[in-house]
Amino acid sequence: MVDSQYYLPNDIGVSALDCGEAFRLLSPQEKMYAHYLSRAAWYGGLAVLLQTSPESANIFVLMQRIFRKQTPAQLEQVATAAGLSSEEYQAFLVYAAGLYANMGNYKSFGDTKFIPNLPKDKLKALVWASQAFQEQPSEMEALWDSCSGLLYSLEDRQKQLGLGDKGITTYFSGNCCLEDAELAQKFLDSKKLSAYNTRLFKKDNGGKACYEVRLASAVQKDCAVDGECESCCGSFSFEDKEFTVKRGDYGPIMEKVSHNLQQAQGYAANENQRKMLEEYQRSFTFGSVDAHKEGSRYWIKDKGPIVESYIGFIESYRDPFGSRGEFEGFVAVVNKAMSERFAKLVSSAEVLLPELPWPREFEKDTFLKPDFTSLDVLTFAGSGIPAGINIPNYDDIRQSEGFKNVSLGNVLAVAYATQKEKLTFLEEEDKDLFIKWKGPSFEVQVGLHELLGHGSGKLFVQDDKGKFNFDQSKVVNPETGELVSSWYRGSETWDSKFSTIASSYEECRAECVGLYLCLQKQVLSIFGHDEKDADDVVYVNWLSMVRAGLLGLEFYTPESKSWRQAHMQARFVILRVLLEAGEGLVGLEEVTGQDGKPDARITLDRSKIHTVGKNAIHRFLCKLQVLKSTADVEGGRALYDGYSTVSDSGTHNFLRLRETVLLRKEARKMFVQANTRVSGDSVELVEYEGSAAGLIRSFTERFQEDAEQLETDLLELNKRDAPCWC
């Protein structure tokens, strides 16, 4: 029996993301704009296959070829004839749906591999019996041979994403380790190049290590081409090593992205949107992060658009080193009613920021009021869909020019709906309250987390010219009582400095801000919660956080002592902080469940949230911010790694609790998204049912017009790099 951690259960939740009403309200021009942006996002999302594992792209092509010839319903009869039971066929559909939803064969949330929950010989029999195989036997057999080994393999290193012997990654060639990643980061910093759109390949040149930094771009040539002043490509010697910067990663895919962005330009609502798309196009054509930053500046200026979007190499959670971005693109429609609440929160920000526990000097000089909207997602391409986003991730732009926040309303509506019988680790009397207030409390938490969590706090910087953005003769570190003695220099950024812990540490800081500020009455009344309801919202928000901290143990790997999910690590850290606060604030005990198996109970004393709880978060949040502001990596690592430790010693046996969490875990839901199709002068929305079969159909119909060329391109791109992963 394979550990259930490594396959998706047949009864996994699959929900359709509803955006029909939002889409219908768009004008014909807005629909065209949304359509072409969606096409750009979906094509770009295919790059994630190549960013995830050596086999993901080939498995994707295998599934596409099977389902393009036969729908899941048609294939069912073939499966039965080939000897598959209905459970085995459902397991195959769930696997295919999971591959599409995660854009690869590793979970986007938790980074563990998943394999089909049916015997390999049964899956092979189904592939051989499919119409796709009947029509092209030699091609299909070659495709199966190229990926079937890794499709099922669960060797230790292949169980999760990671660098070197810790796991699998395709951001780095297989012979790279942490030292290589650190050296490459120093090189990139010296050239003022961002790592966001790069991958690193190490080659042996006559006994000497050579590194190839490859930029994602449609253009394959390394010399400057039309529309460029100069190229950043070339060969360089750095610390006695050879570095070559080349272009053309994901070339044909980036070409598709650029083409569709160009089409969208014709339907832009204003000059900011036009210029934004022009810069994005430049970025994906030439491989320039500077052009993407320029596009992001226009994006920030495009306040309150009806159709909102963002696209590029954005989040660095899945790079084991923490500085390369995974491709994502989203297109969404503004939900006006909910956005009004967020606008009120933005207006109150300047009153709320001083309530945060750090001194004034540690806050940005001016709060740049962002756009904060609630959106209904039409398209979210990439490896997974978040509930809220705060972007851009470029520190220099966020500090001095601004950012935007979005809360994804139709994702929240389905992602966090919970059935009482599936609600683990809570007291019976807490369950009804939890179900009633989980949605509303999470809305408050997402709002605070994105706007005042990620949107707060200052980084102390000394630029290349020696100029400081703070008074180093006056600003005192509240933790030591002495003058601030460290800061960011030149092109150092939060990600490049704090690297492997940066993502989770920042999520933890933002979650703490949410917990801390949700205690403010004015915040709760903005969201329409007063008196007794307000107390319940606070209680469920805090209870939800400590429960999430326990659930987070699923995402910890004891063998490598590493965390696989930034947010869940952050929530575990918060649970540790609140347990440490003592005084009966949080209770966590191991019990025996009604089924006779190990269970756990988590309790929260609501009368102590505003005192013991608030004080604990106050102290911890201040430390987090001070260490972040002052670029104190050593102090930051010591604090964060300390609280992130999962052991079997101490008051709570977290390693044993982890086993209990795994025993009772619920699989994360998958989302089915609609497609858009141009029909004459108008755009129609094609919706699918919320099931594994619906998810599969949405993907096979997504790339209909150029499926064969696209699949050839993916196989070629994958083949080119295949020798690098050994």
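Calculation criteria
- Residues numbered from 1 in each chain as written.
- Predicted model: local features only at pLDDT ≥ 70, side-chain atom pairs only at ≥ 80, totals over all residues.
- Heavy atoms only, no water.
- Helix = DSSP H or I, 4+ residues; strand = E, 2+ residues; numbered from the N terminus.
- Rg over C-alpha atoms; globule rule 2.2 N^0.38 Å.
- Buried < 20%, exposed > 50% of the residue type's maximum accessible area, 1.4 Å probe, protein only.
- Contact = heavy atoms within 4.5 Å.
- Areas by Shrake-Rupley, 256 points an atom, 1.4 Å probe, with all protein chains shown as cover.
- Lys, Arg positive; Asp, Glu negative; His and termini not counted.
- Charge placed at Lys NZ, Arg CZ, Asp CG, Glu CD.
- Core = buried A, V, L, I, M, F, W, Y, C linked by side-chain atoms within 4.5 Å.
- Axes fitted to C-alpha atoms, helices over the stretch in contact; angles between N-to-C directions.
- Parallel < 35°, antiparallel > 145°, perpendicular 65-115°, else oblique.
- Left-handed = near helix turned anticlockwise from the far one by under 90°.
- Nonpolar A, V, L, I, M, F, W, Y, C, P; charged D, E, K, R; others polar.
- Polar contact = N/O pair within 3.5 Å; in protein donor to acceptor, adjacent residues only side chain to side chain.
- Pairing = 2+ DSSP bridges.

Chemist: Just checking my understanding: could you explain the overall build of the protein for this structure?
Modeler: Regarding its fold elements, the protein presents 26 helices and 19 strands. For the protein, whose C-alpha radius of gyration is 25 Å, the value lies close to the compact-globule estimate of 27 Å for 726 residues. Residue burial in the protein is summarised as follows: out of 726 residues, 60% are buried. Of all intrachain contacts in the protein linking residues separated by at least 6 positions in sequence, the fraction that spans at least 24 positions is 75%. A total of about 28300 Å² of accessible surface is found on the protein, and carbon and sulfur atoms cover 47% of it. Looking at the protein, you have 83 positive and 105 negative side-chain charges, and the mean spots of the two groups are 1 Å apart.

Chemist: Explanation requested: the nonpolar core in the structure shown.
Modeler: Leu46, Phe60, Phe92 and Met254 are the most contacted members of the largest nonpolar core, which has 113 residues in total. Residues in contact with Phe60, not counting those within four places in the same chain, are Leu46, Leu49, Leu99, Tyr100, Met103, Phe699, Phe703 and Leu714.

Chemist: How do you make sense of the packing of helix 21 (residues 566–580) against helix 22 (residues 609–629) when you look at a structure like this?
Modeler: In helix packing, the relevant descriptors are the interaxial angle and the interaxial distance, both defined with respect to the helix axes. Interhelical geometry of helix 21 versus helix 22 gives an angle of 125° and a closest axis separation of 9 Å. As far as their axial angle goes, helix 22 and helix 21 are oblique. As helix 21 runs across helix 22, the sense of the crossing is right-handed. Between helix 21 and helix 22, the contacting residues are Val573, Ile574, Val577 and Leu578 on the first element and Gly613, Ala616, Ile617 and Phe620 on the second. For the contact of helix 21 with helix 22, the class distribution of residues is seven nonpolar, one polar and no charged.

Chemist: Help me out: how do you make sense of the environment of Ala129 in this one?
Modeler: Position of Ala129 relative to the elements: it lies in helix 7 (residues 120–129). On the basis of relative accessible area, Ala129 is assigned to the partly exposed category, the value being 29%. Separated by 89 residues in the primary sequence, Ala129 and Ala40 place their C-alpha atoms 35 Å from one another. When neighbours within four sequence positions are excluded, Ala129 is seen to be in contact with Val78, Ala82 and Gln134.

Chemist: It is not clear to me how helix 24 (residues 654–663) should be interpreted in this structure. Could you clarify?
Modeler: Structural remark: α-helix, 3.6 residues per turn; residues separated by three or four positions point the same way. Residues of helix 24 that are buried: Phe654, Leu657, Arg658, Thr660, Val661 and Leu662. Of the residues that open helix 24, the one with a side-chain oxygen 3.3 Å from the backbone nitrogen of Leu655 is Asn653.

Chemist: I keep staring at the sheet that holds strand 10 (residues 404–408) and nothing clicks. Help me out?
Modeler: Backbone-to-backbone hydrogen bonds pair the strands of a sheet. The strands run either parallel or antiparallel. Pairing is mixed in the open sheet, where five strands are placed in the order 6-7-8-10-9. At either end of the open sheet lies a strand with only one pairing partner, and these are strand 6 (307–315) and strand 9 (388–391). For this sheet the average axis-to-axis angle between neighbouring strands, irrespective of direction, equals 35°. Alignment of strand 8 (residues 371–381) against strand 10, held across five bridges, turns out to be parallel. Bridge pairing in strand 10 places Phe372 opposite Asn405. Of the strands in this sheet, strand 6 and strand 7 (326–334) are in contact with helix 12 (residues 271–286), which crosses strand 6 at around 25°.

Chemist: Could you clarify how one ought to interpret the sheet that holds strand 3 (residues 208–216) in this entry?
Modeler: One open sheet holds the four strands; their spatial order is 2-3-5-4, and the pairing between them is mixed. Each edge of the open sheet carries a strand with a single partner, namely strand 2 (198–205) and strand 4 (234–238). When strand polarity is set aside, the average angle formed by the axes of neighbouring strands in this sheet is 25°. Where strand 2 meets strand 3, eight bridges bridge the pair, whose relative direction is antiparallel. Its bridge partner lying in strand 3, Lys202 is registered against Tyr211.

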